[in-house]
Amino acid sequence: MTGSNHYDVTTWPVGDPAEDVGEVINSIIADVKHRQTATDAGDGGKPGAVIHLPPGDYRLRTQVLIDVSFLRIEGSGHGFTSSSIRFNVPEEEWPDLHELWPGGSRILVDLPSETADEAKGAAFHVERSGNPRISSVEFSNFCIDGLHFTPDSSGMPPENTYLNGKTGIHVASANDSFRVSGMGFVYLEHALTIHNADALSIHDNFIAECGSCIELRGWGQASKITDNLIGAGFRGHSIYAENHGGLLVTANNIFPRGASSIRLDGVTRSSITNNRLHSFYPGMVVLGGGSSENLVATNHFLRDHEPWTPFLGIDNGLDDLHGLLRVSGSHNSVIGNHFSQIIDAQGIRPAGATPVTIRLTDGTGNFVSTNHVVALDVDASSSDSCYAAQVDALLTTEASAALAVTTVLVDPASSGNTILDSGSDAQVVADRAANAFRPTPTVGSR
Amino acid sequence: MTGSNHYDVTTWPVGDPAEDVGEVINSIIADVKHRQTATDAGDGGKPGAVIHLPPGDYRLRTQVLIDVSFLRIEGSGHGFTSSSIRFNVPEEEWPDLHELWPGGSRILVDLPSETADEAKGAAFHVERSGNPRISSVEFSNFCIDGLHFTPDSSGMPPENTYLNGKTGIHVASANDSFRVSGMGFVYLEHALTIHNADALSIHDNFIAECGSCIELRGWGQASKITDNLIGAGFRGHSIYAENHGGLLVTANNIFPRGASSIRLDGVTRSSITNNRLHSFYPGMVVLGGGSSENLVATNHFLRDHEPWTPFLGIDNGLDDLHGLLRVSGSHNSVIGNHFSQIIDAQGIRPAGATPVTIRLTDGTGNFVSTNHVVALDVDASSSDSCYAAQVDALLTTEASAALAVTTVLVDPASSGNTILDSGSDAQVVADRAANAFRPTPTVGSR
Amino acid sequence: MTGSNHYDVTTWPVGDPAEDVGEVINSIIADVKHRQTATDAGDGGKPGAVIHLPPGDYRLRTQVLIDVSFLRIEGSGHGFTSSSIRFNVPEEEWPDLHELWPGGSRILVDLPSETADEAKGAAFHVERSGNPRISSVEFSNFCIDGLHFTPDSSGMPPENTYLNGKTGIHVASANDSFRVSGMGFVYLEHALTIHNADALSIHDNFIAECGSCIELRGWGQASKITDNLIGAGFRGHSIYAENHGGLLVTANNIFPRGASSIRLDGVTRSSITNNRLHSFYPGMVVLGGGSSENLVATNHFLRDHEPWTPFLGIDNGLDDLHGLLRVSGSHNSVIGNHFSQIIDAQGIRPAGATPVTIRLTDGTGNFVSTNHVVALDVDASSSDSCYAAQVDALLTTEASAALAVTTVLVDPASSGNTILDSGSDAQVVADRAANAFRPTPTVGSR
């Protein structure tokens, strides 16, 4: 310990970090609160603390409750490895694997059995009443592993359900200037759920193979979700936010599956820019619940087919008319995005339909300009090897035929929009008397 | 101490870090210089050092002078909390607050009384003459707190003036490959002022409630300001740069107030892309002093009204003809930005004027394309609760009427520009004989 | 040592880290493997380790071989300083320099003499056969210095050749969730070479004065190269990737020299967005080998002239018809980029040619829209001072005359492309019968 506010879970005298690191951390937090009581001793008095987790396996049987500001919990390794691949390898091959489990500074979430109350299933629960809002709690560079998923009624293998009632970090009360960076999350039903955030930073994390990855709930403002590698399960969202203003979602690489890559509900004056988005289903990005005045720009959208055998036939239930980007709201800007819609024409739903890329369902005053839609018809193939299948599918671009799509569909309930250079006259379905429109020029059209 | 070049301020034998961490750090730097004297001993000899600040309150009464390369000062917590909210809470409520001060690894800047010399008011002063330029100084993950603002002649509450003569970090001489990351800055008149920077990285910091936040002065090149949360006071700039080339300002979430969110003066061949910008005044982004060949793209601009009671009536003095984005210079690109101009028509200055969004004042050859301006007339409201007021204002989009604006105004001194799809014929005021222009199509125009 | 999986090279009993840190680290890795043998002990057993390098000079005479997952090697300083400037200062001035060598936590790569086998010349070699792929190896915040370059047959000063057979980190086998962040690389022929990457993050590094900086070879997917400062030598690439899908290259500041700033070969469905790119030669960004469905958006391209005396007359051999951005492939999007092409008309090659900005050589269905090309004729000047010369050149924008350029050239082998608002009718050379085209309006054209 290099200073009295620096703690190490492996040297703390209370509890056994290998058996229940939750007990250890709660004891440390109690010590911080016991030692730091004055709110104004020499212009300070409550600097908080850092709790270090060296690389190691730390089982957590007791939920950590954080109710002090300026607490930093940091490890020395985000420790991700694919539990999904491992659990879908035939069990007889397991003895030949170098390792079976994630690693780094790793929390094994082993709370009592599932509960319907998400907050109770969280490894780290942050909640404090009164004023000010709890501030500057930081999570850095460790791994939170939910270990296993559990059976559902579908009969699919339990380890593929993305259900286990476990959450990595659950922030229940209003908060300011929190940071989550360098973390790994794996095999949790909810990785990171934060209510009522102000000036939150979720940066440079690895959040994958979780039911849902990042969920910003309640309301909030002026936050950022940047530079993360993210990929939710088929049931959940890679990024979800509701009632947020001024949210910046940028520079993320969001891979499948995820019922949505990004879903916003009642979000205003926010940006989804410059992300790489990949999904196996429609509804990749949804601006719902009257989300307005948002900017969706220079993102790369790729929608293709599930190539990995264990998840064949599983999807989010949406058909190809839903839109890869779906907007319910007003005054949004959709500018400069690339869309690759790479699907097997035989599998289009409803059969014979013309798939939709961008769909404006209701609202007014949206501005859709300079978007490039590439639509190709492929023979979907699959493989038992997760990684090989994905790379092969990604790199296959040549052996494909053009596919007719509606690049922009404007429903009658949406009007007063401006659609420019985002599809030819034939590709844009919109009431020309109710929306401003300029088609992308085509060869020979001039 | 895990190695002879690793120092901890809490275990160093000279000085008392709680009473004057400046004395402690200067003593450590002297030790580094005393021990590392050979410039070419075994192909090395001056590796520098790391100075660790565990979480704690460290008063600084002596300025730290850094004149060695490869010095890293690192803490374990950026420790931001809103001092502005706290100081605007009635004092009788203070005893009920959980904490009054910022925390983390926290420097309390308590230098002798104000001085007109910014450099003397800096907690950390970096300066070295001779060659090479001082290189690879790193500041990481601690908090610099100016404690209090001081009265000015306006009669406003002293804690709201954003004046105290204090600077967090002041770099006075040419430098290379510096890094500032994970830091918190609060209640400083100038947070971070760096002269003559080359390949500087200012990344993932929290810099708020400071008079000015980031100031790049003198000249410089090839630097980046990325992924920060920033918000200056009403007098200063959130980001200021002069005479820089190749500066990349991206992925920042810049909130109010700030006389400007970003102001460039004589800056060339630089990028302001993909930021979220929010201000209560015009002049949000200013390209001045002949700033040329810059790219301003896919940013989200929101200008609305001050919603928090303590700052009602305070602004930067600019009227609504000034422009949210103002360009004095040539050959700049303004592409794919979203602007939300949400103002109370009753308060427009000069009264009855049509507010301006983008204004080109002088220069030639600017390219303004595919920008979407949303202008709405709102009834400005305010609240005693900072956070609630801001979130409420942000999320209010529906109860608003359209507001007539000039989306692009080209002054006669600026000509030869190209304005495309950035406003209807009626919304763009520019000499059509002197500038190329294509209006955004409107409903029914085709 | 704060925990049994935390190692410090300066306290490990085997080897001498100053004389051969490679031996020390290999001994530590052997210890990790010796202690962590069970693959499923209590749902864990192989958490890996962290190896810390305090600031210091660590000679490496033995290659480090990494074949365990979840290993983090971390220092406390990226330690970059310009060896190129130092070696081009007259030797009689060296005694007056404050320091001669890079610093921080610094590896001095001193492997046996050059070899044609890149893997053997690597300071850190990562390779493991079997399953699963090696995961979550992390390199953080230290410096890898190749010390010297070596003579070639050109007669140029040996320290300017960018050749020495040394690599910083070489990853030879398939890998998952690796992280390289906060690192410094200098004077290596290859800084960072990674084969077969999945979900790799290369973030916030300083990689300069290396032959090539980042090379992603073999194949890979879903990776990101973000927020780095990068600049290769004239022979190599700042960023190179082959057969990758879903790669996100964003927020990088890439400075000269580099034969290419970014070169992609057979890369699909990837993004190059929002970077600042500066080069002294054509061929700045190359999408080759059938690279398709990529997005190149909102980047700032600056091509000007070598201003520093030691490298005058050296270039990548490409003439001005090559294109700053060159695309061989289909269905790519090139949207919203700024290009500054600042060249001395006297030096154009072939003499009298009209320089090309964007060139589509073959393929189909590319979408090029809303790009702004600024072309100016300057008198190239140079200086003995690297830094002053560069800044002066960067800030010189006014004293320049317009230069005629072909903003987009579409070769006959490329057809079915759409070119919008990226040059006037005279500036775009493309078969109008084979490509869709809308010229940027010019003054007086309407």
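Parameters at a glance
Residues numbered from 1 in each chain as written. Chains lettered and ligands numbered in written order. Predicted model: local features only at pLDDT ≥ 70, side-chain atom pairs only at ≥ 80, totals over all residues. Heavy atoms only, no water. Helix = DSSP H or I, 4+ residues; strand = E, 2+ residues; numbered from the N terminus. Rg over C-alpha atoms; globule rule 2.2 N^0.38 Å. Contact = heavy atoms within 4.5 Å. Areas by Shrake-Rupley, 256 points an atom, 1.4 Å probe, with all protein chains shown as cover. Lys, Arg positive; Asp, Glu negative; His and termini not counted. Charge placed at Lys NZ, Arg CZ, Asp CG, Glu CD. Patch = residues over 30% accessible without salt bridge, like charges linked within 9 Å, V, L, I, M, F, W, Y side chains within 5 Å. Salt bridge = Lys/Arg side-chain N within 4 Å of Asp/Glu carboxyl O. Buried area = accessible area lost by both parts, 1.4 Å probe. Least-squares fit on C-alpha atoms with pLDDT ≥ 70 in both. Polar contact = N/O pair within 3.5 Å; in protein donor to acceptor, adjacent residues only side chain to side chain. Phe/Tyr/Trp six-rings, centres within 6.5 Å; stacked < 30°, edge-to-face > 60°. Buried < 20%, exposed > 50% of the residue type's maximum accessible area, 1.4 Å probe, protein only. Lys NZ or Arg CZ within 6 Å of the ring centre and 35° of its normal. Pairing = 2+ DSSP bridges.

Asker: How would you summarise the overall build of chain A if you had to cite specific residues and measurements?
Answerer: Looking only at helices and strands, one finds three helices and 42 strands in chain A. Against the 2.2 N^0.38 benchmark of 22 Å for 446 residues, chain A shows a C-alpha radius of gyration of 23 Å, consistent with a compact globule. The principal-axis extents of the C-alpha atoms in chain A amount to approximately 80 × 60 × 35 Å. Looking at chain A alone, contacts between residues at least 24 apart form 65% of all its contacts between residues at least 6 apart. On chain A, roughly 12200 Å² of surface is accessible, and the fraction owed to carbon and sulfur atoms is 51%. Taken together, the 27 basic and 51 acidic charged side chains of chain A have centroids lying 6 Å from each other.

Asker: Break down a negative patch on the surface for me, citing the residues and quoting the values.
Answerer: Together, E91(A), E92(A), E93(A) and D96(A) line one region of the surface with negative charge. Following the sequence through the fold, E91(A) ends up in the loop between α2 (83–87) and β6 (105–109).

Asker: Go over the interface of chain C and chain B with me, naming the residues and quoting the values.
Answerer: Where the parts come together, the accessible area they lose is often given as the size of the interface. At the interface, 74 residues of chain C touch 84 residues of chain B. Approximately 5800 Å² of surface area, both sides summed, lies buried where chain C meets chain B, with 54% of it carried by carbon and sulfur atoms. The three residues of chain C that bury the most area against chain B are H98(C), E99(C) and Y387(C), which together make up 12% of that side's buried surface. In this assembly, chain C and chain B are joined by five salt bridges. Between D421(C) and R438(B) there is a salt bridge; the shortest N-O distance is 2.7 Å.

Asker: Quick rundown of the relation of the copies chain C and chain B? Include the residues and the values.
Answerer: The transformation that overlays chain C on chain B combines an axial shift of 0.0 Å with a rotation of 120°, and the residual RMSD is 0.0 Å. As the rotation angle and translation indicate, the two copies are arranged about a three-fold axis. Different-surface contact between copies: only 9% of interface residues of chain C are shared with the interface of chain B.

Asker: Quick one: what's the story with the interface of chain B and chain A, residue by residue and with numbers?
Answerer: Each partner contributes residues to the interface: chain B has 74 residues there, and chain A has 84 residues. With both sides pooled, the region where chain B packs onto chain A buries about 5900 Å², and carbon together with sulfur makes up 54% of that total. Considering only the surface of chain B that becomes buried against chain A, H98(B), E99(B) and Y387(B) emerge as the three largest contributors, covering 13% of it. Run the count over chain B and chain A and you get five salt bridges. Taking the shortest distance from any N to any O, the salt bridge between R59(B) and D43(A) comes out at 3.0 Å. For the pair chain B and chain A, the number of links is 37 residue pairs in polar contact (both at pLDDT 80 or more).

Asker: Kindly report on the packing of aromatic side chains, identifying the contributing residues and their values.
Answerer: A full pass over the atoms with the stated rule returns 45 aromatic pairs over all chains. Taken together, a centroid distance of 6.3 Å and an interplanar angle of 55° make the contact between F234(A) and F311(A) tilted. Here F311(A) lies in the loop between β30 (300–303) and β31 (325–328) and F234(A) lies in the loop between β20 (229–232) and β21 (237–242), a separation of 77 residues in the sequence. The same class applies to F234(A) and to F311(A), which are both buried. Each ring, one from W308(A) and one from F311(A), has its centre 5.8 Å from the other, and the planes form 40°; the classification is tilted. For F311(A), a relative accessible area of 0% gives the class buried. Following the ring pairs from residue to residue traces out a cluster consisting of F87(A), W94(A), W101(A), F149(A), Y162(A), Y187(A), F234(A), W308(A) and F311(A). Between R432(B) and the ring centre of F437(B), over which it is positioned, the NZ or CZ distance is 4.1 Å.

Asker: I'd like a rundown of the sheet that holds strand β3 (residues 56–60) of chain A, residues and numbers included.
Answerer: Residue and element names in this part refer to chain A. Read across the sheet, 12 strands follow the order β3-β6-β10-β14-β17-β20-β24-β27-β30-β33-β36-β37 without closing on themselves; strand pairing throughout is mixed. Where the open sheet ends on each side, the last strands, each with one partner, are β3 and β37 (401–402). Pairing geometry for β6 and strand β10 (residues 143–145), over three bridges, is parallel. The residue of β10 that forms the bridge with R106 is C143.

Asker: Quick one: what's the story with the environment of N371(C), residue by residue and with numbers?
Answerer: Within the secondary structure, N371(C) is located in the loop between β35 (367–369) and β36 (372–377). Put simply, N371(C) and T193(C) are 178 residues apart on the chain and 32 Å apart in space, counted from C-alpha to C-alpha. In contact with N371(C), not counting residues within four places along its chain, are F367(B), V334(C), I335(C), G336(C), N337(C), F339(C), I358(C), D421(C) and S422(C).

Asker: Explain unusual backbone geometry to me, using residue names and the numbers behind them.
Answerer: Cis peptide bonds are those with omega within 30 degrees of zero, and the linkage from P256(B) to R257(B) qualifies with 5°. Position of R257(B) relative to the elements: it lies in the loop between β24 (253–254) and β25 (260–265). Geometrically, the link from N131(C) to P132(C) is a cis peptide bond, its omega value of -10° lying close to zero. Even without a glycine there, the phi angle at T298(C) is positive, about 45°.

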